[in-house]
Structures are given as structure tokens and as C-alpha cells.
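Spelled out from the first residue to the last, the chains are:
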Amino acid sequence: MIAGAALSLLVPFGMAAPQGEQEAAKGQQAVAPGPEVIWEFDAGEYQFSEVIAGFGKVFALDRKGKIHALDGAEGDLLWSTEGKLSLSYSFGQAIAQMPGLTAVVVSSDVGLLALDPKTGGEIWRTENPLGFAGPACAEKTIVAASADGNIYGFDPATGKVLWTHDCMADAPEDPPGFDGKRARFEGKPARPHGATTDGKLVFVSIFDQCRTIAVDAITGKRVWSYRTQGWLSGPPSFGPGHVFIGSQDQYLHAVDKTTGELQWKVKTKSRVPRGGTLAGDTLYFGACDALLYAVDVATGDIRWKFETEHDEGRGAPIYSSPVVFGSKVYLAAMRGKVYCVDAKSGELRWKTEPVPASEINSELATDGERFFLTTRKEIDGAGESTVIALPK
């Protein structure tokens, strides 16, 4: 699966973190009960896999071939796309509010399309038989990578291709234990993830090549390339001076945003699916060792770790990036719980299981007032595929 684009939320909270590494409490202390679900949308046989928020709405990607627009406050269905989109291995969404386009941009197995956020009507469509991973909306271009091994820049007004960037000509050798052929879908030259952007530069992680590439959003020219020693399970994130790359080599890598040179890296006990979220001088990220990490962005020193709940001997992946508001860090763990911890100390404030016996399979999206996420059934068939809203 090619994941959709991940958005880096930069929210300074103005609090100095404690010095040195701390082990946060693991949930034994008395904590306040988690918030009640505001609304839940599950009226039908859906297979939700991603949600984004914008224009007062929530846009839920349904792997069965639809985009559903829901009212952000009430959860009412406003529209669903007509026809069926192919969303088997390449998909993602982005909000476009830029010169020439106000839309929801959707990638699929066979192309990229822009939808009117009011009606769901198609504004334009650009086809590609090998599809596009999650798009990113820069200042003047839309950028998405394809399984054909190229990164593309598009005109926001028309969807016309403005430039392409070849990622195959200088593809690096595979690191030991991470065979690129085994990582790719059959018949596909590459397996890119969703793009992220600061408006001027675009960052794309390529799963099978174990590397992240930075290109200029206007020209498509290469700025730098950085290879890790493991597959890249998701998109990178960024801050004013760094790009943060999670890898299956069990490290979180921080590289210079301008040069791509390694600044520091943090060792974990398992793969790191995302680049995390920067808030002030602290980077927060989750790993598949069940831990949420808080790291000094200047040095890479671990300030604290928080352990999410998991059964002994069972995996405890954290596939989503945290969201930070003020003095609180919010985290959705795949095993079905949402956590709120103190940004300074890592102490648990509350936890909740919004949909019992279900896995959380999306990033936490927010409109500033509410959180939105999707769930899916457990491997044994228990649980539900839903979209839910939680209060902040």
C-alpha cells in the first residue's frame, strides 16, 4: 500500500522540556477518562483508510472506490463521488487552496483528480496507468510520485504535467536485508509514498529504494537524496531546518533541509513508520516498539518515552504521527486507542478506545476543534470500519 501524504503540524507550545531522558509512566496511574465520541459514520459497507479535514468537511477515502464528504460538526454525509475509483495500491488526498484551484486532490491507481469540495464534481483528471501516491500542494504546483519511478509536477488549474523527475536512473543499491524487488508491487518499477512540502521544496520517500528525495516544487530539479539502511514505511515530515525520516532500519533520521546531510538519528527497538511532528524545540514520533518518543530537535537527545498499551508478544505498531496542541500531545495507535499525554513530561492525561475491537488505520486529522480518524476491522473480523470525530 502506498500511503497518502502526511501533514506536519508545527504548533509551538512555549514550554521548556526537562533535561535528560525520562521514562514516562505506562498507564498504571489514575487518569481522567477519555472524551466521548462526537459522531460516528458507518452507515454501509465501507473500507475506510484515510481521512483529511478542510472547508468545514471531512473527506474519507473508501478503498472500495469512493471519496465521501462528511459534515465536520455533525458527521452527516454530504456527497460521495460517482463511479468507482481504483484504490488498491496507490492512493492519497490533499486539500488544495492555491492560485487556480480550490479542491480536494485525490490520487488513485490510475491517475490524479481534483474534486469540487462543495459537490464532489470532477474539476480535472490526469491519467497514469501506474497511478500516483498521495499528492502535496506546494505554493504554485501540485506534486505526486508514481510507481512508474517518476515524480510529477502539475498545473493546479488544469492538471497538466509541468515537469517530471526520474527516480530510477540513480536508484541506489539495496541495503543488506532490504531487497527492493521484494518491497515493490509486482510489475511496478518503484514504490513511492505520499509527498510532503514546505511550499517550495517537496520531499518524497521511496519505500523500495530506502531513500528520501527532495526536489524544487517549481522546476522539479533534484536538491538532494538521502538513503537510510532500511525500507521507508511512510512519508517524511519537516521543520524550519530539518527533514525527519522514519525507516525500517529502526532509526529516526534528521537531515539538513537544504543539503540532505545527516544531523542526528535516534535508535528505537523497531521500525519507524513516520517522520513525526515538530512542536517548538521537540520532535514527537511513534515507532512500532509501542513507544512515543520526545526528542530534542537540536541534538536528537531523547527527553522522554511513553509506552502505549499492548499485549505481550503481540506487535504494537504506531503508524500515525502525533498531533500537538499547546501542552498536549495526541497519538492514535493501531491497536485502537487514542492517547493524550503531557508534552513536557510524557505523563498520560487520558486514553480512550473510540471503537471497541477495531484498529485505527489513519492519521489523526484535525480542523482545530475536533480530531477525525478511521478504523478498520481486526484480522479476526471483529470491530468496524468507521469514521469518527473526537473533541480536542
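The written sequence of each chain sets the order in which its residues are numbered from 1. Only residues with pLDDT of at least 70 are given local features in this predicted model, and only at 80 or more are side-chain atom pairs given and counted; all residues enter the totals for whole chains, interfaces and linings. Here the side-chain values reflect all heavy atoms present in the structure, with hydrogen atoms and water set aside.

## Remarks on the overall build of the protein chain
Working step 1: Put simply, DSSP H or I for four residues or longer makes a helix, DSSP E for two residues or longer makes a strand, and each gets a number counted from the N terminus. The number of helices and strands found in the protein chain is 1 helix and 35 strands.
Working step 2: Computed over its C-alpha atoms, the radius of gyration of the protein chain comes to 20 Å, within 12% of the 21 Å expected for a compact globule of 392 residues.
Working step 3: Expressed as lengths along the three principal axes of its C-alpha atoms, the size of the protein chain is roughly 55 × 45 × 40 Å.
Working step 4: Only protein chains enter the accessibility calculation, which uses a 1.4 Å probe; a residue is then buried when its area is under 20% of its type maximum, exposed when over 50%, and partly exposed in between. Taken over 392 residues, the protein chain has a buried fraction of 59%.
Working step 5: In this analysis, two residues are considered to be in contact whenever any of their non-hydrogen atoms come within 4.5 Å of each other. In the protein chain, the share of contacts with a sequence separation of at least 24, taken over all contacts with a separation of at least 6, comes to 49%. Only C-alpha atoms enter the radius of gyration; for comparison, a globular chain is expected to reach 2.2 Å times N to the power 0.38, where N is the number of residues.

## Looking at the sheet that holds strand E23 (residues 262–267)
In a beta sheet, neighbouring strands are held together by backbone hydrogen bonds and run either parallel or antiparallel to one another.
Working step 1: For two strands to be treated as a pair, DSSP must find no fewer than two bridges joining them. In spatial order, the strands read E20-E21-E22-E23; together these 4 strands make up an open sheet with antiparallel pairing. Here the strands that pair on one side only, and so sit at the sheet edges, are strand E20 (237–238) and E23.
Working step 2: In terms of strand pairing, strand E21 (residues 242–246) meets strand E22 (residues 251–256) through 5 bridges, oriented antiparallel. Following the sheet pairing, Gly246 is matched in E22 by Leu252.

## Describing the environment of Gly275
Working step 1: With respect to the helices and strands, the residue Gly275 is situated in the loop between E23 and strand E24 (277–279).
Working step 2: Distance from Gly275 to Ala190, taken between C-alpha atoms, is 21 Å for residues 85 residues apart in sequence.
Working step 3: Not counting residues up to four positions away in its chain, the partners in contact with Gly275 are Pro235, Ser237, Phe244, Ile245, Gly246, Leu252, Leu283 and Phe285.

## Description of the packing of aromatic side chains
Working step 1: Between rings of Phe, Tyr and Trp, where Trp is taken as its six-membered ring, a pair exists when centres lie within 6.5 Å; planes separated by under 30 degrees are stacked, by over 60 edge-to-face, and by other angles tilted. With the rule as written, the count across this model stands at 22 aromatic pairs.
Working step 2: Plain terms: the ring middles of Trp39 and Phe372 are 5.9 Å apart, the flat faces sit at 35° to each other, and that makes the pair tilted. One end of the pair, Trp39, is in strand E3 (residues 39–41); the other, Phe372, is in strand E34 (residues 370–377), with 333 residues separating them in the sequence. Side by side, Trp39 and Phe372 carry an identical accessibility label, which is buried.
Working step 3: Between the aromatic rings of Phe178 and Trp231, the centroid separation amounts to 5.3 Å while the plane-to-plane angle is 80°, which identifies the pairing as edge-to-face. Here the residue Phe178 occupies a position in the loop between strand E15 (161–166) and helix H1 (180–183), and Trp231 occupies one in the loop between strand E19 (222–227) and E20, the gap between them amounting to 53 residues. Of the two residues, Phe178 and Trp231, both sit in the buried class.
Working step 4: Just above the ring of Tyr251 sits the side chain of Lys265; from NZ or CZ to the centre is 4.4 Å.
Working step 5: Here the guanidinium or amino end of Lys267 rests over the ring plane of Tyr251, the centre of that ring lying 5.7 Å away. A positively charged side chain is recorded as over a ring if its NZ (Lys) or CZ (Arg) lies within 6 Å of the ring centre. The angle to the ring normal must also be within 35 degrees.

## Details of the sheet that holds strand E16 (residues 196–197)
Working step 1: Ordered by their spatial adjacency, 4 strands build an open sheet running E16-E17-E18-E19, and the pairing between neighbours is antiparallel. Strand pairing shows two members of the sheet lacking a second neighbour, E16 and E19, which therefore form its edges.
Working step 2: Pairing analysis gives 5 bridges linking strand E18 (residues 211–216) to E19, with the strands arranged antiparallel. In the strand pairing of E19, Ala214 is matched with Trp224.

## Considering unusual backbone geometry
Working step 1: Phi angles above zero are rare outside glycine, and Phe55 is one such case at about 60°.
Working step 2: Counting through the fold element by element, Phe55 comes out in the loop between strand E4 (48–54) and strand E5 (57–62).
Working step 3: A relative accessible area of 28% places Phe55 in the partly exposed class.
Working step 4: One non-glycine residue, Ala290, lies in the positive phi region at around 75°.
Working step 5: We classify Ala290 as buried; its relative accessible area is 0%.

## Things to note about the confidence of the model for the protein chain
Close inspection of predicted coordinates is inappropriate in any region flagged by low pLDDT.
Working step 1: Of the residues in the protein chain, 92% have a pLDDT of 70 or more, and the chain-wide mean is 91.
Working step 2: Per-residue pLDDT stays below 50 along residues 24–28; that stretch engages in 9 contacts with residues further than four places along the chain or on separate chains. Note on scores: pLDDT gives the predictor's confidence for each residue, bounded by 0 and 100.

## A closer look at the state of the cysteines
Working step 1: What counts as a disulfide here is a pair of cysteine sulfur atoms lying within 2.5 Å. Applying the stated rule across the entire model yields 0 disulfides.
Working step 2: Lacking any disulfide linkage, Cys137 is separated from the closest cysteine sulfur, that of Cys167, by 19 Å.

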